[in-house]
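Descriptive analysis of the structure
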Amino acid sequence: MGETTNLAVEAKGISKSFGGALALDNVSLDLRKGEVHALLGENGAGKSTLSNVLAGLYRADSGTVLVDGEEREFHSPSQAIAAGIGMVHQHFRLVLPMTVAENLHLGSPDTPAVVSQKKLVASARRIMDEIGLEVDPTAKVWQLSVGEQQRVEILRVLARGARVLILDEPTAVLTAQEAKELFAVIRQLVAGGRTVVFISHKLNEVIEISDRITVLRGGKHVITRDTAGATPRELARLMTGEELENKVEHNTSAGAPVLALSEVVARNHRGIVALHGVNLTVNAGEILGIAGVSGNGQTELAEVITGLRHPQSGSISINGTDVTRGSTRQIAALGVGHIPEDRLVFGMAGSASVRDNAILRHYRTTELSSGLRLRRSAIIDFAKRLVAAGRVQTRSINMPAGQMSGGNQQRLVARRESMIADRLLVAAHPTRGLDVLATKEVQSAIVERRDTGCAVLMISDDLDEVMLMSDRIAVMYEGQIMGVFNRSEFDRERIGLMMGGQGAEVHQ
Amino acid sequence: MIPFRFARRLEVDSRRSNTYRILGAIAGLILAGLLLLITSRNPFRLFGQSMEAIFGSQRGIEGVLVQSIPILMCAIGVALSLRMKIWNIGSDGQFLMGAFAAVGIGTKLDIPHWLLIILMALIAAAAGALWILVPALARAYWGVNEIITTLLLNFVALQLVLWASLGFWRDRETQVTQSTESVKAVLPRLPGLDSVSIAFIVPIVLAVVLFLVFRSTRLGYEIDMIGGNANAASFAGINVRRRIVGVMLVTGAIAGLGGMLQLTGAPGAQALSGGFSNKFGLSGFIVAALAGASFIGVVVAGLFISAMFYAGIALQTKGLSVYIIFGIYGVVLSGIAVGEMLARFRMVRRSEATSTQGAAA
């Protein structure tokens with residue numbers, strides 16, 4: 001008896017199939033009160049399916065769910081939440097033009113029929129005090145940062161009385177600082193006796209925040225263990241089922257300079273100066289990694305190089321050609337590829353077919369068009385080749401690209417951009433949101449490009465990735481290059497300090 | 001609980017979509033028939049009379065074709081802008097301005113008729129383009145919503161036409177008090193037909209040309225990508241602003257040319273008056289929306305809606321109230337729209353239905 005009371009939720013033998021494919025195969029999971037339980041697995045491992053079953057979005061084909069020792073069956077998310085299980089999805093379900101207080105009360109059975117803004121705000125304050133989480137209740141949601149919006153989502157679920165909170169890849173959308181704040185919130189919640197299910201495929205995070213880890217692979221339960229003593233290497237092996245060699249060959253004898261920036265000053269889209277006189281050189285056959293916390297000018301750096309943004313002053317040249325005010329087309333024609341930070345905003349049109357997205361950089365070439373006419377069969381061939389080479393998993397090249405999973409969208413864009421990058425590849429957060437295997441693939445595609453003599457500028461806010469991939473590292477802070485390190489001088493601590501704006505002599 | 005639910009299809013081929021539209025139209029007609037039945041009218045007889053009015057004589061068929069020309073011209077322009085996700089609500093105004101400009105020279109110049117026709121066509125297209133120039137620039141450079149600007153310019157165009165027909169270009173010779181003089185040149189009729197002019201060829205050729213442009217040219221691809229995601233198009237080096245302005249001007253020019261074709265081609269429409277455009281722009285908009293911006297679809301839908309309107313006029317002369325006729329239009333068009341929506345979904349058993357959701361999530 002003593003043991004059951006310690007368990008908040010017990011899922012036994014859950015199976016779920018989708019159109020014949022088994023997404024969950026007899027998976028069991030128990031969640032203790034007051035623990036952070038990480039669900040770890042590759043894309044498609046069944047993490048989301050399992051949590052959607054717990055949260056009442058899907059009904060399991062077989063298996064039982066016990067909440068506080070009592071068997072329950074959920075037909076809807078509201079039934080699950082009434083039983084104490086709530087989920088915060090990766091994509092928020094907030095009404096942007098409405099206030100925090102309004103969002104907290106939206107659809108809640110406890111919201112009175114007649115309300116005033118004053119009542120809602122007062123009630124929101126009460127909820128926040130109870131839970132111990134603060135967001136300005138009168139602020140409109142669109143004015144909040146992503147981290148704050150996530151907090152509103154968490155509040156909304158907890159306000160309905162959830163004792164078990166499922167967070168679906170909560171850090172995927174957050175900056176490093178916001179992630180830190182989220183972890184503080186999670187610790188506070190479990191200290192109050194709640195249970196948090198933390199879904200992720202980022203191993204370091206999972207080791208940092210969780211008490212226990214359950215690994216799923218291909219819809220099957222692999223292991224549940226205490227986090228203490230777990231290593232990233234071991235977890236990666238459990239997730240992928242294979243030993244991954246996390247090693248990149250490095251190049252110490254780089255070629256001639258390809259990209260040169262001199263005293264580049266540029267404003268961001270709000271008109272605030274984001275690059276304060278950047279000097280930077282990237283040579284043929286090397287990967288230059290930009291280390292830095294997001295929002296320190298990296299986005300604008302990639303944009304000025306690729307022609308999406310023009311600098312206020314300074315100069316940029318590629319292979320000796322001045323491109324300071326060049327158009328995206330001129331710069332691409334010089335052999336510059338760009339894996340953009342946000343593939344949905346810049347990289348592709350989700351409603352257009354995979355085929356049309358595949359040819360976006362090549363449709364003007366003589367291979368795909370003659371005069372104004374497009375060669376239809378050549379285009380189909382090209383798209384099929386690109387899809388195969390990039391290992392993009394899609395049912396057909398005529399399918400809307402937006403219907404593919406995020407990982408496959410990224411593979412498509414990464415491969416397409418690598419193909420035009422004869423001289424320079426600008427890769428902004430190329431592996432963000434990808435699972436271990438897909439990350440490996442995109443990384444090796446970048447290394448391959450470098451080995452053909454292409455210069456690579458890689459931006460990432462994941463310092464591990466920058467350290468792993470780069471032949472040289474430049475640290476960026478508040479729109480300036482704080483320092484440049486050769487591979488032999490890599491020093492995690494010094495780089496980390498510079499990312500925070502300390503211990504730097506501004507690099508000339 | 002209902003054991004079935006709808007799940008979104010990943011791909012919708014045009015064949016399925018068209019079949020569903022036709023089924024939707026038939027369902028709409030059946031529903032309209034039921035409504036007539038419960039208001040104790042005989043739907044079969046009325047349907048028979050409609051068919052008789054359209055297909056019973058050459059006059060009927062020609063009437064449908066004549067009416068379809070202005071609707072098709074407006075619809076083709078709208079469909080073109082829809083490929084770029086731009087909503088040109090102003091084709092009525094551009095249509096009127098095209099006619100306005102054509103009247104300006106068509107009633108004044110004494111030159112050979114063939115030359116006059118060509119000049120009128122050019123100036124009408126230019127006037128239509130000019131009428132959308134400001135909305136196009138505002139949209140391309142400052143992001144001003146084109147729905148509002150193009151819509152409002154319709155009223156300006158209508159006032160200008162009224163002023164011309166009641167004021168500065170009013171016909172002072174004849175007894176007609178509310179229209180301009182008639183233009184001096186008209187288009188020849190198609191061989192063997194009484195009322196259909198060679199104007200009918202223009203929208204058909206335009207539709208085929210645009211179909212080919214979007215099927216197999218770089219320009220068509222660029223426009224489609226801008227419609228899909230203007231940021232991505234710009235990322236790939238497409239000059240989005242220039243394309244937006246260019247496409248919008250062409251849609252205006254097509255509608256303006258439509259005004260000139262009506263003026264020189266339609267029987268009894270050789271002078272400009274306040275009632276010159278019989279909501280052709282609005283009908284064209286409905287046609288483009290129903291056809292899903294496919295140019296061949298626009299031609300089919302345009303002929304269909306034109307036949308439906310023609311039948312409506314015939315039924316009106318048989319004593320059916322105009323409100324009931326509008327009601328029938330609405331039911332039938334809604335049926336097509338619903339059919340178009342349904343084509344994007346499939347019915348699945350409930351347990352399986354959750355699965356497709358899951359696969360997409």
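Numbers given to residues run from 1 along each chain, matching the order in which its sequence is written. Both sets of labels track the order of writing: A upward for chains, 1 upward for ligands. Where local features are concerned, this predicted model is filtered to residues with pLDDT of at least 70; where side-chain atom pairs are given and counted, the filter is 80 or more; whole-chain, interface and lining totals use all residues.

Each helix and strand counted, chain B has 15 helices and two strands in total. Taken over C-alpha atoms, the radius of gyration is set against a globule rule of 2.2 Å times the number of residues to the power 0.38. In summary, chain B has a C-alpha radius of gyration of 22 Å against a globular reference of 21 Å for 361 residues, a match within 12%. Seen through its principal axes, chain B has C-alpha atoms that stretch 75 × 60 × 35 Å. Within chain B, the proportion of its 361 residues that are buried is 47%. Contact between residues is assigned whenever the C-beta positions, reconstructed from backbone atoms, fall within 7 Å. A fraction of 79% describes how many contacts in chain B between residues 6 or more apart in sequence connect residues 24 or more apart. Secondary structure elements are taken from DSSP: a helix is a run of H or I of four residues or more, a strand is a run of E of two residues or more, and numbering for both begins at the N terminus. With C-beta atoms placed from the backbone, a residue is buried if 20 or more other C-beta atoms are within 10 Å of its own, exposed if 12 or fewer are, and partly exposed between those counts.

Okay, the overall build of chain A next. Secondary structure summary: chain A contains 18 helices and 22 strands in total. Here the C-alpha coordinates of chain A stretch approximately 75 × 50 × 50 Å along the principal axes. Considering chain A as a whole, with its 508 residues, one finds that 46% of them fall into the buried category.

Let's shift gears to the interface of chain A and chain B. The partner chain B presents 25 residues to the 36 residues of chain A that form the contact. Listed by contribution, the elements that provide at least two residues to the side of chain A that touches chain B are α2 (47-54), α11 (328-333), α12 (343-347) and β18 (373-374) of chain A. Among the residues forming the side of chain A that touches chain B, the class breakdown is 16 nonpolar, 12 polar and eight charged. Polarity classes work like this: nonpolar for Ala, Val, Leu, Ile, Met, Phe, Trp, Tyr, Cys and Pro, charged for Asp, Glu, Lys and Arg, and polar for all others, with Gly in that last group.

This paragraph deals with the sheet that holds strand β7 (residues 164-168) of chain A. All names here are of chain A. When DSSP finds at least two bridges between two strands, those strands are taken to pair. With mixed pairing, the six strands of this open sheet are ordered in space as β6-β7-β8-β3-β9-β10. Edge strands, defined here as strands with exactly one partner in the open sheet, are β6 (85-88) and β10 (220-226). Put simply, the sheet's adjacent strands are angled 20° from each other on average, direction ignored. Note: β6 against β7, four bridges, orientation parallel. Opposite Ile85, over in β7, you have Val164 as the bridge partner. Interaxial angles span 0 to 180 degrees and are taken between N-to-C directions of axes, which are lines fitted to C-alpha atoms, for helices over the stretch in contact. Sheet contacts for α2: β3 (36-40), β6, β7, β8 (195-200) and β9 (212-217); angle to β7, the most-contacted strand, approximately 150°. Of the strands in this sheet, β6 and β7 touch helix α6 (residues 146-159), which is tilted by about 165° from β6.

So, about the sheet that holds strand β16 (residues 336-339) of chain A. Residues and elements named next belong to chain A. In space, the six strands of this open sheet follow the order β16-β19-β20-β13-β21-β22, with mixed pairing throughout. The sheet is open, and its two edges are formed by β16 and β22 (480-486), each paired on a single side. Each strand of the sheet is rotated relative to its neighbour by a mean of 15°, with strand direction disregarded. The pairing of strand β13 (residues 287-291) with strand β21 (residues 472-477) spans four bridges and is parallel. Counted as the bridge partner of Ile290 is Ala474 from β21. Sitting on the sheet, helix α18 (residues 492-499) is in contact with β13, β21 and β22, with an inclination near 30° to β21.

Residues and elements named next belong to chain A. Expected span of a helix: the number of residues minus one, times 1.5 Å. Across its 16 residues, helix α7 (residues 176-191) extends 23 Å between first and last C-alpha, which sits within 8% of the 22 Å expected from 1.5 Å per residue. Among the residues making up α7, those that are buried are Leu182, Ile186 and Leu189. Relative to the axis of α7, the buried residues are bounded by an arc of 60° and lie together on one face. Exposed residues on α7 whose side chains face more than 90 degrees from its buried face are Ala184 and Ala191. Packed against the buried residues of α7 are β3, α6, β7, β8 and α8 (203-209). A positive phi of about 95° marks Gly193, the residue just after α7. Comment: arc refers to directions from the helix axis out to C-beta atoms.

Let us now look at α2 of chain A. All names here are of chain A. Where burial is concerned, most of α2 is hidden: eight out of the eight residues are buried. Within α2, burial applies to Lys47, Ser48, Thr49, Leu50, Ser51, Asn52, Val53 and Leu54. In the stretch just after α2, Gly56 is the one whose phi turns positive, near 85°.

This brings us to the pairing of strand β12 (residues 273-283) of chain A. Residues and elements named next belong to chain A. One ladder, built from eight bridges, connects strand β11 (residues 257-267) with β12; its direction is antiparallel. Within the sheet, the bridge partner assigned to Val265 lies in β12 and is His276. Two successive antiparallel strands, β11 and β12, enclose a turn made up of five residues, where Gly271 displays a positive phi of approximately 90°.

Residues and elements named next belong to chain A. Although it is not a glycine, Glu169 adopts a positive phi angle of roughly 40°. On the secondary structure map, Glu169 appears in the loop between β7 and α7. Positive phi values are uncommon outside glycine, yet His429 reaches one of about 45°. Summarising the element assignment, His429 is placed in the loop between β19 (424-428) and α16 (436-451). Under the C-beta neighbour-count criterion, His429 is labelled buried, with 23 such atoms within 10 Å.

Moving on to the domain arrangement of chain A. All names here are of chain A. On domain assignment, one finds that chain A holds domain 1 (34-46 + 89-240) and domain 2 (257-354 + 401-499). On a C-alpha basis, the centres of domain 1 and domain 2 stand 31 Å from each other. Facing 10 residues of domain 1, the contacting portion of domain 2 comprises 10 residues. Counting residues per element, the ones that place at least two in the side of domain 1 that touches domain 2 are α7 and α9 (232-240). Considering each element in turn, the side of domain 1 that touches domain 2 owes the most residues, three residues, to α9. Counted by class, the side of domain 1 that touches domain 2 contains four nonpolar, five polar and one charged residues. Residue ranges assigned to each domain were obtained from an automatic or database domain assignment.

What follows deals with the pairing of β21 of chain A. Residues and elements named next belong to chain A. Counted residue by residue, β21 has six buried out of six residues, so it is predominantly covered. Two strands pair when backbone bridges link them, and β21 and β22 are joined in this way by six bridges, in the antiparallel orientation. Across the sheet, Ala474 pairs through a bridge with Val484, a residue of β22. Counting the residues in the hairpin turn of β21 and β22 gives two residues, including Glu478, whose phi is positive at 45°.

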